[in-house]
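Residue strings, one per chain:
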Number of protein chains: 2
Amino acid sequence: MTIISPHSANPLVDGRQSDRAMMVRRGVQRLFSDLRLSMVPELALASGRRADLVALGGNGEIWIVEIKSSVEDFRSDHKWPEYRQHCDRLFFATHGGVPADLFPNECGLIIADEWSGHMLREAPEHRLAAATRKAMLLRFAKAAADRLLLAELAAG
Amino acid sequence: MTIISPHSANPLVDGRQSDRAMMVRRGVQRLFSDLRLSMVPELALASGRRADLVALGGNGEIWIVEIKSSVEDFRSDHKWPEYRQHCDRLFFATHGGVPADLFPNECGLIIADEWSGHMLREAPEHRLAAATRKAMLLRFAKAAADRLLLAELAAG
């Protein structure tokens, strides 16, 4: 049973959807913090698309997590395979109200609530070329630092 | 004339000193923002020392800025040459109350107030080895992202 009905006219404007997506993100963030991964949410990629969460390992490995808060949210996205070009491993993350078998086996899968996440399926590795990795790392670093500065200046 | 006397017993505990250092940092941050550099303040280096401000260019170039808020602050630091091992260019930054000729010619020099900074002298380039650059970029990226997450979680 999905918590947000895939049959409603437009589930993407359901107010609960963004709450659910944020809840999933928080759970993944807590899981990844435990794994000593650093993260930047909502990172614009070279393609112009925006990755929900990009994670960086101590070895420079880059993971992308695409958050799907409902069945419809997954079904309406036909472009997710493109994310592979920007990461070493690709995951979907969702919550317990979305059937796990909806998601493709060739991606990792994380089931999250607001407290933590559980990695139901690890993601296969498809290693980035060195130049792409460097560009992604730069993009990640600059976005994180620029947002941090904005937050610092806003705090006075 | 220095604003903070170099002859006081311990200028490092003068409350105005850290205000002055923060003012200089703000000016440098504004200058570097205009130059499209991303920045992380107070970044711990592999050596265990902490760089006052690390800046990252769009091409991956890494600059370190060492902030000196008084004559004594500069004179008591004998280890600044070590920063070269962690960056492509090394700068000092200070304010108008500290004589510019105090600082070594082989480093860049920025004179800042809280509104902006003026690059009085550009810094010569001493390019990092690829492995060191990658390690510094990772360190920068992870510190920025981890602080951003802490700020996000603190904001609720």
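These figures come from a predicted structure and were not determined experimentally.

A. Seen up close, the relation of the copies chain B and chain A. Superposing chain B onto chain A takes a rotation of 180° plus a shift of 0.0 Å along the axis, which leaves an RMSD of 0.0 Å. The transformation relating the two chain copies, once decomposed into turn and shift, fits a two-fold axis. No C-alpha of chain B lies nearer the rotation axis than that of A141 of chain B, which sits 2.0 Å from it. The share of interface residues of chain B whose copies in chain A are also at the interface is 100%, consistent with both copies meeting through the same surface.

B. A look at the sheet that holds strand 5 (residues 108-112) of chain A. Judged by pairing direction, the sheet is mixed, and its six strands sit side by side in the order 1-2-3-4-5-6 (chain A) without closing on themselves. Each edge of the sheet is formed by a strand with only one pairing partner; in this case those strands are strand 1 (38-44) and strand 6 (117-121) of chain A. Ignoring strand direction, the axes of neighbouring strands in this sheet form an average angle of 30°. Strands strand 1, strand 2 (50-56) and strand 3 (62-67) of chain A of the sheet are contacted by helix 3 (residues 130-154) of chain A, whose axis makes an angle of about 95° with strand 1 of chain A. Against the sheet, helix 3 (residues 130-154) of chain B makes contact with strand 1 and strand 2 of chain A, and its axis sits at roughly 85° relative to strand 1 of chain A, the strand it touches most.

C. The arrangement of the environment of A123 of chain A in detail. Residue and element names in this part refer to chain A. Assignment of secondary structure puts A123 in the loop between strand 6 and helix 3. Along the sequence, A123 and W63 sit 60 residues apart, while their C-alpha atoms lie 9.2 Å from each other. Excluding anything up to four places from it in sequence, A123 contacts R89, L90, F91, C107 and G108.

Conventions we followed
- Along every chain, residues carry numbers that run from 1 in the direction the sequence is written.
- Here the convention is simple: chains get letters from A, ligands get numbers from 1, in the order in which they are written.
- Given that this is a predicted model, residues contribute local features only at a pLDDT of at least 70 and side-chain atom pairs are listed and counted only at 80 or more, while totals for whole chains, interfaces and linings are drawn from all residues.
- Excluding hydrogens and water, the side-chain values take into account all heavy atoms of the structure.
- The copies are overlaid by a least-squares fit using only the C-alpha atoms of residues whose pLDDT is at least 70 in both copies.
- Note on contacts: a residue pair is in contact if any heavy atoms of the two residues lie within 4.5 Å.
- Here the rule is simple: two strands pair whenever DSSP picks up at least two bridges between them.
- The helix count covers DSSP runs of H or I at least four residues long, the strand count covers runs of E at least two residues long, and both are numbered beginning at the N terminus.
- The convention used is that axes are lines fitted to C-alpha atoms, helices contributing only their stretch in contact, and that angles between N-to-C directions extend from 0 to 180 degrees.

Distances and angles like these do not, on their own, reveal function.
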